[in-house]
Amino acid sequence: QMTNQQLDFDAMSHAVRIMNGKHNFEWISLVEKGEQRDPFRDLKLSIVKMEDHKQSLFDPCFANTTMYKITGTCDFFLYKMMRRIVGIIVAVGKGEVKWPTLESCLETQDNECCRMNGSDDVSSAADSIPSALLQTAPPHGLCLEHVEYEIPI
């Protein structure tokens, strides 16, 4: 549970559409400088609003609440990538981050506007997303449903 407040589903859906495709996700992962891993990932996201659960499969305290199912498919996930993507989508839904700012960060290939690698140096530029608003979603509720390989194993 990341929030008890009402979320803007249209804004969240727009953020999901912006994040679809091949982007450099180094700014939301913990890729070490000099690491040889390619941070460009081909991501496919979707979001579904599941309103007013009469019974919650997760916890009775979530009954009669609005829940969101965010599904991500990727050629390779970077460390904490999906949890941070969910955190960004929730921040957009709360109105703390506007989708044009998110779009700007995705288009910035040098990754300097939105670094989240544990640095306290947060840019004050209008295009930056303060790291305090980019919360990492909690691990509970996150599950791996399916793995596909293009090569025989």
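Up top is the structure.
Note that the coordinates shown come from a computational prediction; the quantities given were computed from them, not determined experimentally.

One way to put it is that helix H1 (residues 9-19) packs onto helix H2 (residues 81-94) with a least axis distance of 8 Å and a crossing angle of 140°. As judged from the angle between their axes, H1 and H2 are oblique. Considering how the two elements wind past one another, H1 and H2 form a crossing that is right-handed. Each of Ala11, Met12, Ala15, Val16 and Met19 in H1 lies in contact with H2, whose residues at this interface are Ile85, Ile88, Ile89, Val92 and Gly93.

Here we take up the environment of Gly72. Looking at where Gly72 falls in the secondary structure, it is placed in strand E3 (residues 67-74). As for Gly72 and Leu144, which are separated by 72 residues in sequence, their C-alpha atoms are 9.8 Å apart. Residue contacts for Gly72: discarding those within four places in its chain leaves Lys44, Leu45, Phe77 and Met82.

What follows deals with the packing of aromatic side chains. Each aromatic ring pair is characterised by the separation of its centres together with the angle its planes make. In this structure the tally under the stated criterion is one aromatic pair. Taken together, a centroid distance of 6.0 Å and an interplanar angle of 20° make the contact between Phe9 and Tyr68 stacked. Placement of the pair is Phe9 in helix H1 and Tyr68 in strand E3, with a sequence separation of 59 residues.

The next point concerns the nonpolar core. Among the nonpolar cores identified, the biggest contains 29 residues, and Met19, Phe25, Leu45, Met81, Ile85 and Leu102 are the most heavily contacted of them. Counting only elements with at least two residues in this core, the list comes to H1, strand E2 (40-50), H2 and helix H3 (99-107).

Strand order across the open sheet formed by three strands is E1-E2-E3, with antiparallel pairing between neighbours. Each edge of the open sheet is held by one strand with a lone partner, namely strand E1 (21-24) and E3. This sheet shows a mean twist of 45° between the axes of neighbouring strands, independent of strand direction. Sheet strands in contact with H1 are E1, E2 and E3, and its direction is about 160° off that of E2. Here H2 sits on the sheet and contacts E2 and E3; the angle it forms with E2, its principal contact strand, is near 50°.

A separate point is H3. Turning to H3, its buried residues number three or more, namely Thr101, Leu102, Ser104, Cys105 and Leu106. If you follow the buried residues of H3, they end up packed against H1, E1 and H2.

Bringing unusual backbone geometry into the picture now. Peptide bonds are mostly trans, and most non-glycine residues show a negative phi. At Lys80, a residue that is not glycine, the phi angle is positive and equals roughly 65°. Counting through the fold element by element, Lys80 comes out in the loop between E3 and H2.

What follows covers the pattern of salt bridges. Under the counting rule described, the total for this entry stands at two salt bridges. With its nearest N and O atoms 3.6 Å apart, the salt bridge here joins Asp75 to Arg41. Highlighted residues: Asp75 in the loop between E3 and H2 and Arg41 in strand E2, separated in sequence by 34 residues. Given a relative accessible area of 48%, Asp75 falls into the partly exposed group.

So, how was this worked out
Residues numbered from 1 in each chain as written. Predicted model: local features only at pLDDT ≥ 70, side-chain atom pairs only at ≥ 80, totals over all residues. Heavy atoms only, no water. Axes fitted to C-alpha atoms, helices over the stretch in contact; angles between N-to-C directions. Helix = DSSP H or I, 4+ residues; strand = E, 2+ residues; numbered from the N terminus. Parallel < 35°, antiparallel > 145°, perpendicular 65-115°, else oblique. Left-handed = near helix turned anticlockwise from the far one by under 90°. Contact = heavy atoms within 4.5 Å. Phe/Tyr/Trp six-rings, centres within 6.5 Å; stacked < 30°, edge-to-face > 60°. Core = buried A, V, L, I, M, F, W, Y, C linked by side-chain atoms within 4.5 Å. Buried < 20%, exposed > 50% of the residue type's maximum accessible area, 1.4 Å probe, protein only. Pairing = 2+ DSSP bridges. Salt bridge = Lys/Arg side-chain N within 4 Å of Asp/Glu carboxyl O.

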